[in-house]
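Structural overview
In case you want the letters, here they are:
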Amino acid sequence: MTKNDILRRLRYALQINDGQMAEIIGLTGEKVEAAQMSAWTKGEADEGHEELSDRMLCRFLDGLIIQKRGPRPDGSVAAPLEFLSNNEVLRKLRIAFEYRDEDMNKVFERVEFVVTKAELSSFFRKEGHRNYRKCPEQVLRKFLQGLSKGVGEPEE
């Protein structure tokens, strides 16, 4: 799954347009036009498609955190990561939506996908920790599908 796929799936899950996506990135201090967002969300075979960098996906996710939770108390913005792993994407989504383990599992349940509590916590460990595990694409894909079914909100 490419970074463009992740951005496209988030756009669908959040039910937002290119302009709103550009505004979310703008919350990090980065300026992006709606036309650029459109180029990033087009399919690979479509004319005008452009590859999305890890840095810009990170900016979008950081902007989503600011939009959902508000800015940091000191007003600073996290520096964008140059390489964004599936673990980092999942972590940033968890932070943005203020999900706990139970909330994350409810999102997975929407698409009938089982992730154990131990497996889920292994994705949020620091790399190098003995219980760290890389987040497979299928797990991230299923999480994004689950978000789409619930528009980002955990079930009550």
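Below is a summary of the structure that appears in this document.

Thresholds, definitions, all that
Residues numbered from 1 in each chain as written. Predicted model: local features only at pLDDT ≥ 70, side-chain atom pairs only at ≥ 80, totals over all residues. Heavy atoms only, no water. Salt bridge = Lys/Arg side-chain N within 4 Å of Asp/Glu carboxyl O. Buried < 20%, exposed > 50% of the residue type's maximum accessible area, 1.4 Å probe, protein only. Helix = DSSP H or I, 4+ residues; strand = E, 2+ residues; numbered from the N terminus.

**Considerations on the pattern of salt bridges**
Taken as a whole, this structure holds 11 salt bridges when the rule is applied. We note a salt bridge from aspartate 18 to arginine 11, for which the minimum N-O separation is 3.4 Å. The buried category is assigned to aspartate 18, whose relative accessible area is 15%. Here aspartate 62 makes a salt bridge to lysine 92, at a shortest N to O gap of 2.6 Å. Taken together, the residues span a long stretch of sequence, with aspartate 62 in helix H4 (residues 54-69) and lysine 92 in helix H5 (residues 86-97) at a distance of 30 residues. Both residues of the pair, aspartate 62 and lysine 92, count as buried. Via salt bridges that share partners, Asp5, Arg8 and Glu44 belong to a single interconnected network.

These values are about where atoms sit, not about what they do.
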